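An overview of the molecular structure
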Amino acid sequence: MYQKTIFVLCLILIYVSTSNAQDTHFSQYTSSGMLGQTGLVLVPTAQLSTDRAIAVGWSYIPLPSTVRDISTNIGEPEFARSARINFLPFVELSIRFTKTKEINELGDRSIFARIQLLRETDKRPAFAIGAHDIVGQVPHYHSFYAVTTKHFDMNNGMIVGGHLGYGLKTRDNARNEQLLGLFGATTLRYRFVEAGLEYDGANTNAALKLFWKNRISVSANLLGLKHIGCSAHAYFVL
Amino acid sequence: MHYTFITFLLMVLSLQIATGQTEFRTRSDEAVLQASVDSLERKLLAEGFQNIAATVNTDVLYVTFENRRYRDEVAAVRRLSELVAAQPNFRAYTVDFTLQNRSIPTVTGQIQQEYSSDGGLLSVPSDIRFADYKTWKKRFAQEPQNKGNWRIEFEFEPQLLLALGAARDPILHQINLLPSTNLYLWRGGHVRIQGIIPISDELKNPEDQFWRPRLLTLSQYIPLPRQIMLSATVGYFTERRYGGAVQLSKFFGKKSQFLLQANAAYTGFASFPQVIDVDTPTRGWQFSAFNYFNYSIAAEYIIPKWNMRTRLAYQKTLLNKQVIRAEVWRQFDELQLGFFLYRFDDEENYGFQLNVPLFPKRYPKPKRIHFKTSRFFNYTYHTTQSYATNFSTGEDLWQLYETLHPSFFHSRF
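Not measured: the values here are computed from a predicted model. (Residues numbered from 1 in each chain as written. Chains lettered and ligands numbered in written order. Predicted model: local features only at pLDDT ≥ 70, side-chain atom pairs only at ≥ 80, totals over all residues. Heavy atoms only, no water.)

**Comments concerning the confidence of the model for chain B**
All names here are of chain B. Within chain B, residue pLDDT values average 89, and 93% of them lie at 70 or more. Below pLDDT 50 for its whole length, residues 18-25 participates in 0 contacts with residues either more than four positions away or in separate chains. Interface confidence in the predicted complex, given as ipTM, is 0.82; pTM for the same model is 0.85. (pLDDT = per-residue confidence, 0-100. Contact = heavy atoms within 4.5 Å.)

Given below as structure tokens:
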């Protein structure tokens, strides 16, 4: 089942990369992380999408990076569906349904909220605060964090991004190790391709993303620099 | 001497002739303008608008109408500006429009017709505000065309309820059809008869298997000066209540960006089917005496920049719960998304509400009897199981204004 999923995603990756051969338009949408928020893999960035933007997505997180049960220390690979909206130009809200074998078809619900306090300018980085999974019974990837982002245009079409954040645990029953403490990422974007490396507070992850006409992005991720995960998102504006 | 006299006579005669010709031109202009106004009224009539009246004064064309044709009030005004632009005599005119609902003026404003750099005609809205009833009544003293009173409208609305289920069937649904008969009486008067027809049900509540009434109401809106609106509704409400309710609303501020609202209701229990003291729900009505008084006070602040409404309310809901409720709504064109949070005792609940516009954008031309779908499909999602239930009378100020605040008009036009 997982192999079939990865195979299909590889096909999508191939299709997107070949169909973008003539695409020179830089994606106006910030990319989505595997949790549904704006970010790289698990690390959120301080960027927000354009106002009224909606992103819906699906992700597969392999075993080592999933949340483990506190008592048994056993985790399960996770499939998650997410939906995100820029309710205001500076407010992003997401809902995520995380499914494992032990959770029913709908999945465990998580709510993420982010507020961008400072927009990025030529001289100033963006600054945002966010709360992941702050309500609900079982938190996944819970964190209350602040993050800053700055991009640098290399004048050859490449844009380098740096992202740095710090997360706090405010729920006793939070089971994740990611996004707690210091985390950060660096991204390199060229036209319809983005590559990145991140430290999520527990593991180092890498990502390769492809965008198609500001409507679809697909991402192949290497979690812990060993385990393959993937995600796909679709974007539109209300 | 006689030459002077003859010259004087000729001057007087010329003056008379000149005056006579001027009067002839004015009468002709007025006739042409009135013919254009009549032509516009006929076009508005053909479009299916109701309560139509139009007058013209210097460079301003005043038009009032009630829209039951277009799903969106802004679309109706856009159509009006198109019809006016198609009239050559009104090309340079400012259009002063006033929308109505239930024969009550709601939103008014002006459409400036300007020529763009490429010669095309642009319609630019300005000075959009809530209508003043007195001014409107004075301006449109004539009998309107195609009156909207004593008309029947059949409306159909889908209802979806979802609940979490067991692992095998994680989402349980209930789909109902809510057919309504709306009878528009006199100015502000309205009768609504709404039922619930079960279509598909996985929730399996026994009382939900019946075709049953949802709302049986008679309501009256009374516009008062200084942007005050009073409404009263009697009848059978949701959540098995019957009785009477009043709502008083007032807008404040230069741009009407503040709203204060107070509601009070005195109700009793009424149910169809019978559910009390029976083993299973049974066809028939059950009533109790009036026994419950509840109320709410709310304040809203409108943020035009983002077509947003923020609301804080304190309310006494059913089961004697004292609730503080906060809401944030944003309009994305016709779609509305809101988030709410409420707290009572030591419990809280939060979630979102979605109003999705329903097909079609334009309804069939209304006749004495009119069929249409409801404007929106509503869905509310609660995150927790802590509910503070309150009944609905089916009437609300924002419904009268079709959720159109004047400050939202510009961005949507």
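**Remarks on the pattern of salt bridges**
All names here are of chain B. On inspection of all chains with the given rule, the structure shows 25 salt bridges over all chains. One salt bridge in this structure joins Asp-72 and Arg-412, with 2.4 Å as the shortest N-O distance. Here the residue Asp-72 occupies a position in the loop between β2 (60-66) and α2 (73-85), and Arg-412 occupies one in helix α5 (residues 406-412), the gap between them amounting to 340 residues. On the accessibility criterion, Arg-412 (9% relative accessible area) is buried. Glu-327 is paired through a salt bridge with Arg-325; the nearest N and O atoms lie 2.6 Å apart. On the basis of relative accessible area, Glu-327 is assigned to the buried category, the value being 12%. The class of Arg-325 is buried, set by a relative accessible area of 16%. (Salt bridge = Lys/Arg side-chain N within 4 Å of Asp/Glu carboxyl O. Helix = DSSP H or I, 4+ residues; strand = E, 2+ residues; numbered from the N terminus. Buried < 20%, exposed > 50% of the residue type's maximum accessible area, 1.4 Å probe, protein only.)

**Considerations on the packing of aromatic side chains**
Residue and element names in this part refer to chain B. If you walk through the whole model with that rule in mind, you get 30 aromatic pairs over all chains. Between the aromatic rings of Phe-49 and Tyr-70, the centroid separation amounts to 6.0 Å while the plane-to-plane angle is 35°, which identifies the pairing as tilted. Of the two residues, Phe-49 sits in the loop between α1 (2-47) and β1 (50-57) while Tyr-70 sits in the loop between β2 and α2, which places them 21 residues apart along the sequence. Relative accessible area serves as the criterion here: at 0%, Phe-49 is assigned to the buried category. Owing to a relative accessible area of 12%, Tyr-70 belongs among the buried residues under this scheme. Where Trp-285 meets Phe-287, the ring centres are 5.6 Å apart and the plane angle is 15°; that geometry is what we call stacked. Here the aromatic residues Tyr-236, Tyr-242, Tyr-266, Phe-272, Trp-285, Phe-287 and Phe-290 are joined through ring pairs into a cluster of three or more. One cation-aromatic arrangement involves Arg-68 over Tyr-184; the distance from NZ or CZ to the ring centre is 4.0 Å. Lys-250 extends its terminal NZ or CZ atom over the ring of Phe-252, reaching a point 4.9 Å from the ring centre. (Phe/Tyr/Trp six-rings, centres within 6.5 Å; stacked < 30°, edge-to-face > 60°. Lys NZ or Arg CZ within 6 Å of the ring centre and 35° of its normal.)

**Some remarks on the sheet that holds strand β3 (residues 91-99) of chain A**
Sheets are built from strands paired through backbone hydrogen bonds, the pairs being either parallel or antiparallel. Pairing is antiparallel in the closed barrel, where 12 strands are placed in the order β1-β2-β3-β4-β5-β6-β7-β8-β9-β10-β11-β12 (chain A). Across the sheet, the axes of successive neighbouring strands diverge by a mean angle of 20°, strand direction being ignored. (Pairing = 2+ DSSP bridges. Axes fitted to C-alpha atoms, helices over the stretch in contact; angles between N-to-C directions.)

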